[in-house]
Amino acid sequence: MDNARGRAWSWHKQGLDGSLAGSDAATVLGAAGWARSVGGANPYLTLFARAGIRRAAADAAVATLKIHELPTARGCTYVLGAQDFAWALTLGQGAAEATLKVLDKLGVARAEIQSLETEILRLLHDSAANGLGALDPHQLKHQLGDAVRSLGEEGKKKGASTTLPTVLGLLQADGRIRRVPINGRLDQQRYAYTAWELPAADESPEQARAKLMENYLGWTGGATLKQSQWFTGFTVAQTKAALAAINAVEAQPKIIEPMETPAADAPDLWMLPADIETVADFEAPQEEQIQLLAGSDSLFLLRRNAADHFAEADRGRQLLSSTLSLQADLPDHPIVDRGSIIGLWQYDPGRERIAHWLFNAPTDAVKQRILEVEAFIREDLGDFRSFSLDSPSSRQKRIDALNNAADGAQPCEN
């Protein structure tokens, strides 16, 4: 099956068709979905691809708390807009509280945890009052002294060498403190902490789950039950309750691609009622719409369905002996046209260029967009890391493979 219309529908719902051009960062993240961070550059490219937002503007939005990186769905960190801070933060509290069970098993009493919370808050409030700003973990540990307990070798085995990270996580999940990027950048995982008094969410846990589901289906344009559960981390019962609360409609996949005959066992999609009406009249764009995206872009990550974005003719493409469409997550960043992956790329900082492999001969639009994104990365970011431990040396094998694949196909000269 080839679902070009379905890919274009997802592209449209993600605002990659130009519909978010000129929007501010919070609006983009609210409309297209929260940007996965993990110390990589995805949040910056998310904003640049959809609205042309440069790094300086994104960093300014972070500094003024118009957008922020917070732990939310599944306890994972995303960059989201201020309109979502309070209720989205409640979704990650369960993951933060689960870490307490590890400390319980290591013999740390809840009273000790509460005492450490009090001391951390005192230090952060004092630091702010004295104009000293945020404190990094090393500074906190030094000033807290014996209030932070080492948990020895047994703690290290369980991922908790001291009590400090768990307590910082609990305070962050409650909105009592927040992490501040030490150099103001989202793509370098070095943080300090400052006191925060985020107002409590108005939503109950059930309402917060329903709100996330409504946003999620709006961002994706439709998702299966399994995909919805993966992103939200909800149980089956919670997922079904959230879908019912927003009057989501269960529809067969052919509603998005009417000309297809879906497989008999293809799972139904859950969609918002408004999208059921809109998709009936949706027409895929006729002109090229080229974007270079991160492999963790919301277009793919929200449903973890990168394989669905390969056209039928490209599903057998291989790189380093791996069939791309058979991998849950893309090994390289995609070059995309109206939702269809048409090539792969990595940034080569040594040569200050984008190494890329296009499945077919490049058009002028493809060449132009590669140059534009290349300039954005070179001028604004300096490098394009997928995650905090990514480095030019760690991706050199991928860069070489892309260059070799391009040499064996039809290269796109910059």
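First, a word on what this report is: a plain description of the structure on this page. (Residues numbered from 1 in each chain as written. Predicted model: local features only at pLDDT ≥ 70, side-chain atom pairs only at ≥ 80, totals over all residues. Heavy atoms only, no water.)

Examining the packing of aromatic side chains
Part 1: For the coordinates displayed, the defined rule picks out 12 aromatic pairs.
Part 2: Here the aromatic rings of Trp219 and Phe231 are separated by 6.3 Å at their centres, their planes lie at 85°, and the arrangement is edge-to-face. Residue Trp219 is found in helix α11 (residues 205-220), and its partner Phe231 is found in helix α12 (residues 225-232); the two are separated by 12 residues along the sequence.
Part 3: Residue class for Trp219 comes out buried when judged on its relative accessible area of 1%.
Part 4: Linked through ring pairs, Trp34, Tyr78, Trp87, Tyr216, Trp219 and Phe231 together constitute an aromatic cluster.
Part 5: The aromatic ring of Trp230 is capped on one face by Arg74, whose charged end is 4.4 Å from the ring centroid.
Part 6: Seen from the ring of Tyr191, Arg179 lies directly overhead, with NZ or CZ sitting 3.8 Å from the centre. (Phe/Tyr/Trp six-rings, centres within 6.5 Å; stacked < 30°, edge-to-face > 60°. Helix = DSSP H or I, 4+ residues; strand = E, 2+ residues; numbered from the N terminus. Buried < 20%, exposed > 50% of the residue type's maximum accessible area, 1.4 Å probe, protein only. Lys NZ or Arg CZ within 6 Å of the ring centre and 35° of its normal.)

Structural notes on the pairing of strand β13 (residues 353-358)
Part 1: The buried fraction of β13 amounts to 6 of the 6 residues, a majority that puts the element mostly inside the structure.
Part 2: Of the strand pairs in this sheet, strand β12 (residues 340-348) and β13 are connected by 6 bridges, and their pairing is antiparallel. Note on β13: the bridge partner recorded for Tyr347 is Ile354.
Part 3: The hairpin formed by β12 and β13 contains 4 residues between the paired strands, and Glu352 there has a positive phi angle of roughly 50°. (Pairing = 2+ DSSP bridges.)

Thoughts on the environment of Leu168
Part 1: One can find Leu168 in helix α10 (residues 164-173).
Part 2: For Leu168, a relative accessible area of 4% translates into the label buried.
Part 3: Once the C-alpha coordinates of Leu168 and Leu116 are considered, the two residues, 52 residues apart in sequence, prove to be 9.4 Å apart.
Part 4: When near neighbours in sequence (up to four residues on either side) are disregarded, Leu168 contacts Ile120, Leu140, Ile177 and Tyr193. (Contact = heavy atoms within 4.5 Å.)

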